[in-house]
Amino acid sequence: MKGDLSGLRGCEMEKIKKVLVSDPLSKKGLEILGRAKNLKYDIKPGLSPEELKNIIGEYDGIIIRSETKLKGDLIEAGKRLKVIGRAGIGLDNVDLPAATKKGIVVMNTPQENAIAAAEHTIAMILSISRKIPQATASMKTGKWEKKKFMGVELYNKTLGLVGLGVIGTIVADRARGLKMKVIGYDPYLSKEVAEKKGVDVVSFEELVSRSDFISVHTPLTDETRNLIDKNAFAKMKHGVIMINCARGGIISEKDLYDAIKGGKVAGAALDVFEKEPAIGNPLLELEEIISTPHLGAATEEAQENVAIAISHQIVDYLTLGEARNAVNMPAVSPDILPFLRPYLRLGEQLGSFLGQISNYAIEEVLIEFHGEVVEYGTKPITISVLKGLLTPFVGETVNFVNAPIMAKERGIRITESTSDEAEDFASLIALTARSKMEQNYIAGTLFGRKELRIVKLNDFFIEAIPEGYILLVNNYDKPGVIGNLGNVLGTRNINIATMQFGRDRMGGNAISLLHLDVPLPPGMVGEILRMPNIISVRLIQL
Ligand code: NAD
Ligand code: MLT
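Rules used throughout
Residues numbered from 1 in each chain as written. Chains lettered and ligands numbered in written order. Predicted model: local features only at pLDDT ≥ 70, side-chain atom pairs only at ≥ 80, totals over all residues. Heavy atoms only, no water. Near = heavy atom within 4 Å. Polar contact = N/O pair within 3.5 Å; in protein donor to acceptor, adjacent residues only side chain to side chain. Areas by Shrake-Rupley, 256 points an atom, 1.4 Å probe, with all protein chains shown as cover. Pairing = 2+ DSSP bridges. Helix = DSSP H or I, 4+ residues; strand = E, 2+ residues; numbered from the N terminus. Axes fitted to C-alpha atoms, helices over the stretch in contact; angles between N-to-C directions. Salt bridge = Lys/Arg side-chain N within 4 Å of Asp/Glu carboxyl O. Buried < 20%, exposed > 50% of the residue type's maximum accessible area, 1.4 Å probe, protein only. Arc of directions from axis to C-beta. Contact = heavy atoms within 4.5 Å. Left-handed = near helix turned anticlockwise from the far one by under 90°. Nonpolar A, V, L, I, M, F, W, Y, C, P; charged D, E, K, R; others polar. Domains from an automatic or database assignment. Core = buried A, V, L, I, M, F, W, Y, C linked by side-chain atoms within 4.5 Å. Expected span 1.5 Å × (residues − 1).

### Some details on the site of ligand 1
In the vicinity of ligand 1 lie 26 residues, with Val166, Ile167, Asp186, Thr218 and Asp271 positioned nearest. One of the side-chain N or O atoms of Arg247 is found 3.3 Å from an oxygen atom in ligand 1. Residue Ala297 places a main-chain N or O atom 3.2 Å away from an oxygen atom belonging to ligand 1. In the complex, 87% of the free accessible area of ligand 1, which totals 860 Å², lies under the protein chains.

As structure tokens, this is what we get:
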């Protein structure tokens, strides 16, 4: 997943950031950390959970591989932690919900070890089909057992791939080179996309019943845990060979043991296990099992690639605010980002304005996107709106990672709508916040490509820049109100930078938005409120 929300955490980026590397990391990655400006790193592999808990609070970022287990209590202890970087793919050693709730960005390197893992899978298929590990072990005991290690060819055999993502696709490509027939099952991929990968897409039932070799390449999720169980084994061909270089637990270890003992499965090649290290695992006692200790990504190239990628990602996030491969925030392609960035800012400023004028707990927010903006993808803007909306209430703890969760926890319902039409503007973002007692509306647009403007506030058409200190005054449309306001601010030496007005009808209800160079001194809101024809006053800070 690619993502990048540059510049969104600007003011946080100034101080020196500290990164802990808590698992071994290739030298090239450390060099990148060492060269980064305003960033220091410590490398401390092999810490116990207690030792890590004692020091994690000092760090802004942590880089891990698979050894460090970042569970809820450790994440809680990471008081300054802003980012967790996994040099590799699997995030089963990170408590993702806990990190997300705390607003910590979690990123991985989803592509960099894929070739290594795919080649390992092919190596496992070749090794098990010719019983190379068993033959090696036998020769090392001084034996010459030619008859015992009769193998099978791969040519014309059917390889069933469960999961056709990055690694499954590379395995398919390599297996076709070995002249295997490749079939695949992946319910999250359209048939057209899967078939472009050169894989004949079939149902799960068909895959398990047709394949001579079955290799799993899915993540471990609630849905894939024990996906291959005794029911699946029952439908397989006699003598099928199983491969798991993805995650332990996708194939039920107990059912695999029984299927091997019962003769249904001729062999299995396992790189990953339900519990790792897999010391004392009964499967390892079986002659039909070949195994490696989670070596799928253990090539020099892959380890260098993941280290380089995660180090760049961490440096860019902590020093520039650019998030790539973040798994818990929305992805924005780098091509789209320059166009989207002003809308992200507009969404955040409109949300913040709306939050600051709300007098009651907001229960529902309707976010309407009109016109050109719809083309750029609206999900990240929705998150910006929520961040802006919640910041006045919850302060700095809300960010682009946890804003949706925080809104949900506060019982705020979010509804989005999109339309290609924007009437008078190229694009328009309109927010309506509802509570039991009131409803507020704000709409904004971009002038040119970058200039943010509020164009409507409740019933009033205006044209205001959503920035700085804004004095929002609701008054009766009577002569003298603006003059009085100017006077009272002038006597306190408060300069008015710009003014915008709107009214519903002559002599009716009116609003004034005054951009001030400085905030109002204490007590001044009350003073303005006591002036004639003033209905309400609010100082907004954006
Ligand atoms: P990926 O996200 O690119 O692909 C996973 C695919 O699985 C996706 O296409 C998804 O649609 C599919 N999928 C999800 N649920 C499914 C289900 N119920 N049935 C069928 N398909 C399903 O991931 P990837 O990079 O290809 O990695 C695959 C696996 O390999 C992951 O578990 C990863 O952690 C593991 N991995 C292991 C090693 C190793 O050292 N052994 C190295 C790298 C990756
Ligand atoms: C991964 O998740 O990237 C692989 O399983 C390899 C590793 O654990 O580093």
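### Some remarks on the sheet that holds strand S22 (residues 534-541)
The antiparallel open sheet is built from four strands, whose spatial order is S20-S21-S19-S22. At either end of the open sheet lies a strand with only one pairing partner, and these are strand S20 (496-503) and S22. With direction set aside, neighbouring strand axes in the sheet form an average angle of 15 degrees.

### Concerning the pattern of salt bridges
In total, this model carries 25 salt bridges according to the counting rule given. The closest approach of N and O atoms between Glu304 and Lys28, which form a salt bridge, is 3.1 Å. A residue pair is termed long-range when its members are at least 10 positions apart, and Glu304 in helix H12 (residues 300-320) and Lys28 in helix H1 (residues 27-35) qualify at 276 residues. By relative accessible area, which is 39% here, Lys28 ends up partly exposed. Measuring nitrogen to oxygen at the nearest pair gives 2.7 Å for the salt bridge that ties Asp60 to Arg80. Taken together, the residues Asp60 in the loop between helix H2 (49-55) and strand S3 (61-64) and Arg80 in the loop between helix H3 (72-77) and strand S4 (83-86) connect sequence positions 20 residues apart. Taking the relative accessible area as the measure of exposure, Asp60 reaches 2% and is therefore buried.

### What about helix H11 (residues 253-261)?
The complete set of buried residues in H11 reads Glu253, Asp255, Leu256, Ala259 and Ile260. Down the axis of H11, the smallest arc covering the buried residues is 160 degrees, so these residues share one side. Those residues of H11 that are exposed and angled more than 90 degrees off the buried face are Lys254 and Lys261. Of the surrounding secondary structure, the elements contacted by the buried residues of H11 are helix H10 (230-235), strand S10 (240-244), strand S11 (265-270) and strand S12 (289-291). Two residues or fewer after H11 comes Gly263, characterised by a positive phi angle close to 90 degrees.

### Section: the packing of helix H13 (residues 337-357) against helix H14 (residues 379-394)
Interaxial distance between H13 and H14 falls to 7 Å at its minimum, and their mutual angle equals 35 degrees. Handedness of the H13/H14 crossing: right-handed. Every residue of H14 that contacts H13 at Leu340, Tyr343, Leu344, Gly347, Glu348, Gly351, Ser352, Leu354, Gly355 and Gln356 is listed here: Pro380, Ile381, Ser384, Val385, Lys387, Gly388, Leu389, Pro392 and Phe393. The residue makeup of the contact of H13 with H14, split by class, is 10 nonpolar, seven polar and two charged.

### Let's talk about the domain arrangement of the protein chain
When its domains are assigned, the protein chain resolves into domain 1 (13-112 + 301-320), domain 2 (114-291), domain 3 (331-467) and domain 4 (469-542). Distance between the C-alpha centres of domain 2 and domain 3: 49 Å.

### Details of unusual backbone geometry
Between Glu276 and Pro277 the backbone carries a cis peptide bond, its omega angle lying at -5 degrees. Residue placement: Pro277 occurs in the loop between S11 and S12. Unusually for a residue other than glycine, Asn226 sits at a positive phi of about 55 degrees. Within the secondary structure, Asn226 is located in the loop between strand S9 (213-216) and H10. Here Asn226 falls in the partly exposed class, since its relative accessible area comes to 36%. Its identity is not glycine, yet His294 carries a phi of approximately 50 degrees, on the positive side. Among the secondary structure elements, His294 is positioned in the loop between S12 and H12.

### Thoughts on the nonpolar core
The biggest cluster of nonpolar side chains holds 68 residues, and the ones touching the most others in it are Phe353, Leu457 and Leu513. The element contributing the most residues to this core is H13, with nine residues. When neighbours within four sequence positions are excluded, Leu513 is seen to be in contact with Phe353, Leu457, Ile462, Ala464, Ile470, Leu471, Leu472, Thr498, Met499 and Gln500. Within the second largest apolar cluster, 28 residues are counted, among which are Ile214, Ala232, Phe273 and Ile289.

### Concerning the environment of Glu195
If you trace the backbone, Glu195 turns up in helix H8 (residues 191-196). Sequence-wise, Glu195 and Ile183 are 12 residues apart; in three dimensions their C-alpha atoms are separated by 9.7 Å. If we ignore the near neighbours within four places in the chain, the residues touching Glu195 are Asp200 and Val201.

### Looking at H12
With 21 residues, H12 extends 29 Å from end C-alpha to end C-alpha; this agrees with the ideal 30 Å at 1.5 Å per step. Following H12 by one or two positions, Gly321 has its phi on the positive side, about 80 degrees.

### Brief notes about the environment of Ile310
Structurally, Ile310 is set in helix H12. Taking relative accessible area as the criterion, Ile310 reaches 0% and is therefore assigned buried. Sequence separation between Ile310 and Gly85 is 225 residues; the distance between their C-alpha atoms is 6.2 Å. Ile310 has contacts with Leu25, Ile63, Gly85, Arg86, Ala87, Met107, Asn108 and Thr109, leaving out every residue within four places of it along the chain.

### A word on the sheet that holds strand S14 (residues 413-419)
Reading across from one edge, S14-S13-S15-S16-S17-S18 is the order of the six strands in this open sheet, with mixed pairing throughout. Two strands close off the open sheet at either side, each with one partner strand: S14 and strand S18 (460-464). Within the sheet, the average angular offset between the axes of one strand and its neighbour, ignoring direction, is 20 degrees. Bridging between strand S16 (residues 439-447) and strand S17 (residues 451-457) involves six bridges; their strand directions are antiparallel. Paired with Leu446 across the two strands is Leu452, which belongs to S17. Along the sheet face, H13 touches strand S15 (427-434), S16 and S17 and points at about 155 degrees away from the line of S16. Contacts from H14 reach strand S13 (364-371), S14 and S15, with the element oriented near 140 degrees to S13.

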